[in-house]
Amino acid sequence: MFDALSDRFDGIFKRLRGRGRLSDKDVDEVAREIRVALLEADVNVSVVKSFINRVKERARGAEVAKSLSPAQQVIKIVHEELVTTLGGETGKLTMSSKPPTVVMLAGLQGSGKTTAAGKLARHLVADGRKPLLVAADLQRPAAVEQLRVLGKRIDVPVFSEPTDPVKVARGALKEADRTGRNVVILDTAGRLQIDDALMGELRRVRDKVGPHDTLLVVDAMTGQEAVNVAEAFDDAIGLDGVILTKIDGDARGGAALSVKEVVGKPILFAGTGEKLDDFEPFHPDRMASRILGMGDMLTLIEKAEAAFDEEEAVKAEKKLRKGQFTLEDFLDQMQQVRKMGPLQNLVGMMPGLPKEARDAELDESQLGRIEAIIRSMTPEERRNPAVINGSRRLRIARGSGTSTQDVNGMLKQFKMVQQMMRSVAKGKMPRLPVPGR
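In this text, all values refer to a predicted model and were calculated from it rather than measured experimentally.

A.B. asks: Explain the overall build of the protein to me, using residue names and the numbers behind them.
C.D. replies: Across its full length, the protein carries 21 helices and 8 strands. The 437 residues of the protein split such that 46% are buried. A separation of at least 24 residues holds for 73% of the contacts in the protein among residues at least 6 apart in sequence. Roughly 21700 Å² of accessible area belongs to the protein as shown, and the carbon and sulfur atoms make up 51% of that amount.

Structure (structure tokens):
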């Protein structure tokens, strides 16, 4: 996520930290480098100009001149101005005091609108809401079926009828009243490009149901084009916010850093992966920290709280205190971690990691092999790996579709983890393994 921009900032600040007091010339040089980095990240030119002017003005002021660590103060200024550019405060949906709340999603075909509707519904369910998904995209026959499949996976009802989008939207409100659903999510039609027919249809739906929030779904990977699309939709139908999809694949960050300042509408949510739970509220302060390589502990903690079962966590803690950590526990913990999302994303949220660690390619398939190996063991072997001899290793390898070397490697890894857990249980700092020894 924003890897190219993060790398550029990392290099700029690394050189900056080696300097003492900063002259105006130093500030100008840093500003030039940041300007180039933002332009290469496909950030809107006017946004870059405004950002650089604010940073230079503050960096030449008293808050830097009187600072004991001018370099750190400049980094702080850049972070705060990034937060401002990204939207400042975290935006929220407008919840009606008289349900149902109506959220209308708009966007071009291919932006991930229908999937975003399913992800938003799942997010609202986790927040204690009772959403109703509405398939009002009748232009694309597969869209209705796609939404029904998504609704079934998250146990959220889907309403549609073979009439026209306006009647579907109006019927959805009656269905929500009848079934006690307090949020209606309208998945409207998209086109390959912006045209009068599309905007006319969206306006008719908007005027008939009066949505509390009209959100545009745009693909973050399209960069400045996403901003242009947002401007066109806002001019035509009026937007309340934006959902950025595929933000995990956006190495540059131009769309995220331009939308709020250019369009004047906040980014409310971001799609961070392909799974239905790879969807999170957009926090400008946290995103700025990620861009600058500072991590994002709050989001990491929230993901852990959502993924880890509290009762199971208590049981695991008791076992750790007794030094009783088995392969079954190892498998359970690994599955909980996988629920939190792609490992690469999780690593990017960890503060204090060196750039090399953040950039390291993590092999997700390795976790799959470990899981297959453990599942190919008998209950006795999982509880007591010491009984696994040569013939058992061969059987486990065949059963898991791996090699005996893979089995040996996994057992060695587990033994190291087990030893670390025992050290922690005794209140000692574990000795971390040194690569190559």
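A.B. asks: Hey, could you go over empty space enclosed by the protein for me, with residue numbers and the actual values?
C.D. replies: The tally for this structure, following the rule as stated, stands at 5 cavities of 30 Å³ or more. Of the pockets and cavities examined, the largest cavity occupies roughly 50 Å³. Lining the largest cavity are L16, L22, D26, V27, V30, A31, V55, A59 and V74. Every element with two or more residues in the lining of the largest cavity is listed here: α2 (24-40) and α3 (45-59). Element by element, the count of residues in the lining of the largest cavity is highest for α2, at 4 residues.

A.B. asks: Explain the packing of aromatic side chains to me, and be specific about the residues and the numbers.
C.D. replies: Given two aromatic rings, one states the distance between the centres and the angle between the planes to describe the pair. Taken as a whole and judged by the stated rule, the model has 2 aromatic pairs. Their ring planes at 20° and their centres at 5.7 Å tell us that F9 and F13 sit as a pair that is stacked. With F9 and F13 both in helix α1 (residues 3-17) and 4 residues apart, the pair spans about one turn of that helix. Taken as a pair, F9 and F13 share a single burial class, namely buried. Centre to centre, the rings of F269 and F279 are 5.1 Å apart; their planes meet at 15°, and the pair counts as stacked. You can see F269 sitting in strand β7 (residues 267-271) and its partner F279 sitting in strand β8 (residues 279-281), a full 10 residues away along the chain. Comparing F269 with F279 shows no difference in burial state: the two are buried.

A.B. asks: Requested: an account of the pairing of β7, with residues and values cited.
C.D. replies: The buried fraction of β7 amounts to 5 of the 5 residues, a majority that puts the element mostly inside the structure. With 3 bridges joining them, β7 and β8 adopt antiparallel strand pairing. Bridging across to β8, A270 finds its partner in E280.

A.B. asks: Provide a residue-level description of the pattern of salt bridges, including the pertinent values.
C.D. replies: In this structure the tally under the stated criterion is 19 salt bridges. Ionic pairing is found between E81 and R54, a salt bridge with its closest N-O pair at 2.5 Å. Separated by 27 residues along the polypeptide, E81 in helix α5 (residues 70-86) and R54 in helix α3 bring together distant segments of the chain. In this structure E81 comes out as buried when scored by relative accessible area, which is 7%. Looking at R54, the relative accessible area reads 21%, which means it is partly exposed.

A.B. asks: Go over the sheet that holds strand β1 (residues 101-106), please, and point to the residues and values.
C.D. replies: Pairing is mixed in the open sheet, where 8 strands are placed in the order β3-β2-β4-β1-β5-β6-β7-β8. A single partner strand is all that each edge strand has here, and the edge strands are β3 (158-159) and β8. Strands in contact with helix α9 (residues 196-209) are β1 and β4 (183-187); relative to β1, the strand with the most contacts, it is inclined by about 175°.

A.B. asks: Give me the nonpolar core: which residues, what numbers.
C.D. replies: Membership of the largest hydrophobic core comes to 74 residues, with the highest contact counts inside it found for V78 and F233. No other element matches α5, which puts 8 residues into this core. V78 has contacts with F9, F13, I34, F51, V55 and L292, leaving out every residue within four places of it along the chain. Grouped together as the second largest cluster of nonpolar side chains are 24 residues, A135, L147, L150 and V217 included.

A.B. asks: Tell me about α3, and please be specific about residues and values.
C.D. replies: In this model, α3 (15 residues) spans 21 Å end to end at C-alpha, consistent with the 21 Å of a helix rising 1.5 Å per residue. If you check which residues of α3 are buried, you get V47, V48, F51, I52, V55 and A59. Down the axis of α3, the smallest arc covering the buried residues is 125°, so these residues share one side. Exposed positions of α3 whose direction lies more than 90 degrees from the buried face are K49 and E57.

A.B. asks: Which residues make up the side chain of T188, and what values go with them?
C.D. replies: Along the polypeptide, T188 turns up in the loop between β4 and α9. Within polar-contact distance, the side chain of T188 engages the backbone oxygen of L105 at 2.5 Å. Those residues in contact with T188 that lie beyond four places of it in its chain are M104, L105, A106, K113, A136, D137 and L202.

A.B. asks: Which residues make up the side chain of S160, and what values do they have?
C.D. replies: Inspection of the secondary structure assignment puts S160 in the loop between β3 and α8 (165-179). Reaching out from S160, the side chain makes a polar contact with the backbone oxygen of A135 at a distance of 2.9 Å. If we skip the residues at most four places from it in the chain, S160 touches A135, L138, V144, R148 and V168.

A.B. asks: Explain the pairing of strand β5 (residues 213-219) to me, and be specific about the residues and the numbers.
C.D. replies: Walk down a regular strand and you will see the side chains alternate between the two sheet faces. In terms of residue burial, β5 counts as a mostly covered element, since 7 of its 7 residues are buried. Burial along β5 is two-sided: the face carrying D213, L215, V217 and D219 and the face carrying T214, L216 and V218 are both buried. Examined bridge by bridge, β1 and β5 share 4 bridges and lie parallel to one another. Bridge pairing in β5 links M104 to T214. Relative to strand β6 (residues 241-245), β5 runs parallel, the two sharing 5 bridges. Following the sheet pairing, V218 is matched in β6 by L244.

Cut-offs applied
Residues numbered from 1 in each chain as written. Predicted model: local features only at pLDDT ≥ 70, side-chain atom pairs only at ≥ 80, totals over all residues. Heavy atoms only, no water. Helix = DSSP H or I, 4+ residues; strand = E, 2+ residues; numbered from the N terminus. Buried < 20%, exposed > 50% of the residue type's maximum accessible area, 1.4 Å probe, protein only. Contact = heavy atoms within 4.5 Å. Areas by Shrake-Rupley, 256 points an atom, 1.4 Å probe, with all protein chains shown as cover. 1 Å grid on protein atoms, 1.4 Å probe; cavity = no way out; pocket = protein on both sides within 12 Å on 5 of 7 lines; lining within 4 Å. Points joined across faces, edges and corners; volume = space filled by probe spheres on them. Phe/Tyr/Trp six-rings, centres within 6.5 Å; stacked < 30°, edge-to-face > 60°. Pairing = 2+ DSSP bridges. Salt bridge = Lys/Arg side-chain N within 4 Å of Asp/Glu carboxyl O. Axes fitted to C-alpha atoms, helices over the stretch in contact; angles between N-to-C directions. Core = buried A, V, L, I, M, F, W, Y, C linked by side-chain atoms within 4.5 Å. Expected span 1.5 Å × (residues − 1). Arc of directions from axis to C-beta. Polar contact = N/O pair within 3.5 Å; in protein donor to acceptor, adjacent residues only side chain to side chain.

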